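Topology and contacts: notes
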Amino acid sequence: MTTTNPVFEEATLDLLRKRIQEVPEYPIPGVLFRDITPLLGDPVAFGALTDIFASLCDRYEATTVVGIEARGFILGAAAAARAGVGFVPARKAGKLPGAVRSRTYQLAYGTDTVELKEDALCTSDRVLVIDDVLASGGSAEAVLDLIRPSGATVVGLAVLIELRFLKGRERLAPALGGAPLTTLLPM
């Protein structure tokens with residue numbers, strides 16, 4: 001897997017870092033939530049983040065971005081549009097019509113289920129998965145497992161924030177199968 005912060009300007013990363021708000025005891029006691037809403041509300045910061053993720057689409061020759069619900073939708077859709085590639089949402093259970101593939105996974109504080117439409121990807125797709133936070137790695141691992149049956153190639157996983165103490169990177173190494181994991185802001 002690639003190293004954290006491959007070639008991004010420190011001033012840009014600092015701008016992103018300053019626009020993330022820490023919310024203690026949310027969504028449950030003992031959790032420090034990283035809220036990216038202020039970053040999304042700043043057109044300069046959001047534009048810079050979109051440019052970074054779009055550059056990763058170019059670097060890895062992605063043809064499709066898969067964004068993980070919910071904030072991965074925002075980041076992934078913007079990056080896909082900027083890069084001129086397709087976008088596929090990985091949704092929570094029961095939110096997609098038609099035939100879907102499902103995986104239940106462990107969160108840092110519970111369980112959840114994620115789904116992909118069965119016909120959303122094909123063997124010629126080169127997929128970059130984008131999300132806001134890598135915590136324990138459960139949701140990203142589940143999404144990677146959902147992509148495999150389509151025959152699409154995962155070219156990488158990119159996240160804004162990585163909570164390193166939860167060791168999601170280590171958990172994802174086998175699921176990534178050698179594809180790079182790019183973290184912009186390790187915490």
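Residues numbered from 1 in each chain as written. Predicted model: local features only at pLDDT ≥ 70, side-chain atom pairs only at ≥ 80, totals over all residues. Heavy atoms only, no water.

Moving on, we get to unusual backbone geometry. Glycine aside, residues mostly have negative phi angles, and peptide bonds mostly take the trans form. Following Y26, the chain continues to P27 via a peptide bond in cis, the omega torsion being 5 degrees. Mapping P27 onto the fold places it in the loop between β1 (21-24) and β2 (32-35). Omega for the bond connecting E69 with A70 falls within 30 degrees of zero, at 5 degrees, which places this linkage in the cis form. Relative to the helices and strands, A70 is located in the loop between β3 (64-68) and α4 (71-83). Although it is not a glycine, E61 adopts a positive phi angle of roughly 55 degrees. Tracing the chain through its elements places E61 in the loop between α3 (43-59) and β3. Looking at E61, the relative accessible area reads 56%, which means it is exposed. Located in the positive-phi region is K167, a residue other than glycine, with phi close to 60 degrees. (Helix = DSSP H or I, 4+ residues; strand = E, 2+ residues; numbered from the N terminus. Buried < 20%, exposed > 50% of the residue type's maximum accessible area, 1.4 Å probe, protein only.)

Time to look at the pattern of salt bridges. Here the structure, examined in full by the defined rule, presents 13 salt bridges. R82 is paired through a salt bridge with D51; the nearest N and O atoms lie 2.1 Å apart. Of the two residues, R82 is situated in helix α4 and D51 in helix α3; the sequence distance between them amounts to 31 residues. One salt bridge in this structure joins R148 and D145, with 2.6 Å as the shortest N-O distance. Judged by relative accessible area, R148 falls into the partly exposed class, the value being 42%. With a relative accessible area of 25%, D145 lands in the partly exposed category. Here the salt bridges do not stand alone but share partners, grouping E10, D14, R17 and K18 into one network. (Salt bridge = Lys/Arg side-chain N within 4 Å of Asp/Glu carboxyl O.)

Fair warning: the whole summary comes from geometry, so function is off the table for now.
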